[in-house]
Amino acid sequence: MRILLAAIGKARPGPARDLYQDYAGRLAWPLTLKELDLRKKLPPDEARRQEGALLLGAVPVGAVLVALDEHGRQMGSEGFAAQIGAWRDRGVQELAFVIGGADGLDPAVTGRADLKLALGVMTWPHMMVRAMLVEQLYRAQTILSGHPYHRA
């Protein structure tokens, strides 16, 4: 199973990017990060629409799409691992996660999503969301393989 993380914005050097890279390097599943950005300042609704088009354009045809959204479903690590395991066992080849810009995701993205996922009720900086997501992917991988990293 290949994993794509499509995100609005470019990561700058710093601790959040370093943490992302650390956990991304631990994954056995191939992971691709596509950083997308609008080149111009637009009103929030138009920016959200254009960012949504960029995100959807980055998602491979037939991929299972997970939208990181504050109004999404909250899952524990074991439930998240079980969901990924179910997709893997169903033969899913491409799993795509999308992270929108500062104004959130366009309804076209959330409407296309197979799962809307929230990483809790707090608001997180988008660069931290990348690191938190990839850590949870690594944790899911270790749960599914029986590795002792996750101690629940």
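Our structure is the block above this text.
**Side note on the layout of surface pockets**
Thinking step 1. Size it by volume and the largest pocket reaches roughly 470 Å³.
Thinking step 2. Elements represented by at least two residues in the lining of the largest pocket include exactly strand S3 (64-74), strand S5 (115-118) and helix H5 (126-145).
Thinking step 3. At four residues, S3 tops the list of elements feeding residues into the lining of the largest pocket.
Thinking step 4. For the lining of the largest pocket, a count of residues per class yields eleven nonpolar, eight polar and four charged.
Thinking step 5. Its volume calculated, the second largest pocket comes out at about 280 Å³.
Thinking step 6. Lining the second largest pocket are 15 residues; nearest its centre among them are Lys41, Ala47, Glu51, Ala102 and Asp103.
Thinking step 7. Elements supplying a minimum of two residues to the lining of the second largest pocket: helix H2 (44-58) and H5.
Thinking step 8. Ranked by residue count, the leading element in the lining of the second largest pocket is H2, at three residues.
Thinking step 9. In the lining of the second largest pocket, the residues fall into seven nonpolar, three polar and five charged.

**Topic: the packing of helix H3 (residues 77-89) against H5**
Thinking step 1. Where H3 contacts H5, the two axes come as close as 9 Å, and the packing angle between them is 70 degrees. Overall, the two elements H3 and H5 adopt an arrangement that is roughly perpendicular. Between H3, through Ser77, Glu78, Phe80, Ala81, Ile84, Gly85 and Arg88, and H5, the contact on the second element is made entirely by Leu133, Gln136, Leu137, Arg139, Ala140, Ile143 and Leu144.
Thinking step 2. Of the residues contributing to the contact of H3 with H5, the split by class is eight nonpolar, three polar and three charged.

**Considering the environment of Leu5**
Thinking step 1. Mapped onto the secondary structure, Leu5 falls in strand S1 (residues 2-8).
Thinking step 2. You can call Leu5 buried: its relative accessible area is 3%.
Thinking step 3. In this structure, the C-alpha to C-alpha distance between Leu5 and Leu31, residues 26 residues apart in sequence, is 7.4 Å.
Thinking step 4. In this view, Leu5 contacts Tyr20, Leu31, Thr32, Leu33, Lys34, Phe97, Ile99, Arg130 and Leu133; residues no more than four positions away in its chain are not counted.

**Digging into H3**
Thinking step 1. If you check H3, its first and last C-alpha atoms are 18 Å apart, about what 13 residues at 1.5 Å a residue would give, namely 18 Å.
Thinking step 2. Among the residues of H3, Ser77, Phe80, Ala81, Ile84, Gly85 and Trp87 are the ones counted as buried. Viewed along the axis of H3, the buried residues span an arc of 160 degrees, placing them on a single side of the element.
Thinking step 3. As for H3, its buried residues are in contact with S3, strand S4 (94-99), S5 and H5.
Thinking step 4. Backbone geometry just downstream of H3 places Gly91 in the positive-phi region, at approximately 90 degrees.

**Remarks on the sheet that holds strand S2 (residues 31-36)**
Thinking step 1. In space, the five strands of this open sheet follow the order S2-S1-S4-S3-S5, with parallel pairing throughout. Edge positions in the sheet fall to S2 and S5, since each has one partner strand and no second. Between one strand and the next, the sheet's axes are offset by a mean angle of 30 degrees, whatever the strand orientation.
Thinking step 2. In this sheet, S4 lies alongside S3 in parallel orientation, the contact comprising five bridges. Within S4, the residue paired with Ala67 across the bridge is Val98.

**Thoughts on the environment of Glu78**
Thinking step 1. Summarising the element assignment, Glu78 is placed in helix H3.
Thinking step 2. Counting along the chain gives 66 residues from Glu78 to Leu144, while the straight-line C-alpha distance between them is 9.0 Å.
Thinking step 3. There is a polar contact of 3.3 Å between the side chain of Glu78 and the side chain of His150.

Analysis parameters
Residues numbered from 1 in each chain as written. Predicted model: local features only at pLDDT ≥ 70, side-chain atom pairs only at ≥ 80, totals over all residues. Heavy atoms only, no water. 1 Å grid on protein atoms, 1.4 Å probe; cavity = no way out; pocket = protein on both sides within 12 Å on 5 of 7 lines; lining within 4 Å. Points joined across faces, edges and corners; volume = space filled by probe spheres on them. Helix = DSSP H or I, 4+ residues; strand = E, 2+ residues; numbered from the N terminus. Nonpolar A, V, L, I, M, F, W, Y, C, P; charged D, E, K, R; others polar. Axes fitted to C-alpha atoms, helices over the stretch in contact; angles between N-to-C directions. Parallel < 35°, antiparallel > 145°, perpendicular 65-115°, else oblique. Contact = heavy atoms within 4.5 Å. Buried < 20%, exposed > 50% of the residue type's maximum accessible area, 1.4 Å probe, protein only. Expected span 1.5 Å × (residues − 1). Arc of directions from axis to C-beta. Pairing = 2+ DSSP bridges. Polar contact = N/O pair within 3.5 Å; in protein donor to acceptor, adjacent residues only side chain to side chain.

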